[in-house]
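This is what each chain is made of:
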Amino acid sequence: MPINTTIMNSATGQVIQKMKFERMPKPWASFTLETGEQVTAERIDIGKPAPGKFAAPIDIWVTLKAK
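Thresholds applied
- Residues numbered from 1 in each chain as written.
- Predicted model: local features only at pLDDT ≥ 70, side-chain atom pairs only at ≥ 80, totals over all residues.
- Heavy atoms only, no water.
- Helix = DSSP H or I, 4+ residues; strand = E, 2+ residues; numbered from the N terminus.
- Buried < 20%, exposed > 50% of the residue type's maximum accessible area, 1.4 Å probe, protein only.
- Contact = heavy atoms within 4.5 Å.
- Areas by Shrake-Rupley, 256 points an atom, 1.4 Å probe, with all protein chains shown as cover.
- Polar contact = N/O pair within 3.5 Å; in protein donor to acceptor, adjacent residues only side chain to side chain.
- Salt bridge = Lys/Arg side-chain N within 4 Å of Asp/Glu carboxyl O.
- Core = buried A, V, L, I, M, F, W, Y, C linked by side-chain atoms within 4.5 Å.

(A) Representation of the overall build of the protein. Summing up its helical and strand segments, the protein has zero helices and six strands in all. Written out in order from the N terminus, the α and β elements of the protein read β-β-β-β-β-β. Viewed in the frame of its principal axes, the protein has a C-alpha envelope of about 45 × 25 × 20 Å. In the protein, buried positions account for 30% of the 67 residues. By sequence separation, contacts in the protein at least 24 residues apart represent 31% of the contacts at least 6 residues apart. Approximately 5000 Å² of the protein is accessible, and the part contributed by carbon and sulfur atoms is 56%.

Here it is, written out as structure tokens:
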């Protein structure tokens, strides 16, 4: 079952993109965004599922490199 996550910018708190993983990512995991930029997870937040739902919301916080 794929894990649906939201990639968040830790500097601004804005959503960068939605992403699916086959397994739960580790806090030090590196992955490539849709823009082609490679980032490393800094923090992973797992929320509580909505009432009557099974899937919990998962946020992965990353810092983008300055251009």
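(B) View of the side chain of Gln17. Here Gln17 lies in strand 2 (residues 15-21). Only 3.0 Å separates the side chain of Gln17 from the backbone nitrogen of Glu34, close enough to count as a polar contact. Ignoring any residue separated from it by four or fewer positions in sequence, one finds Gln17 in contact with Thr5, Thr6, Ile7, Leu33 and Glu34.

(C) Looking closely at the pattern of salt bridges. As enumerated under the stated definition, the model contains one salt bridge in all. The shortest N-O distance in the salt bridge between Arg43 and Asp45 comes to 3.3 Å. Owing to a relative accessible area of 42%, Arg43 belongs among the partly exposed residues under this scheme. Asp45 gets classed as partly exposed once you look at its relative accessible area, which sits at 27%.

(D) Representation of the nonpolar core within the structure. Among the nonpolar cores identified, the biggest contains eleven residues, and these are Ile7, Met19, Phe21, Phe31, Leu33, Val39, Ala41, Ile44, Ile58, Ile60 and Val62. Those elements that place two or more of their residues in this core are strand 2 and strand 6 (58-62). In terms of residues, this core owes the most to one element, strand 6, which gives three residues. The contact partners of Ala41, leaving out residues within four places of it in the chain, are Lys26, Pro27, Trp28, Ala29, Phe31, Ile60, Trp61 and Val62.

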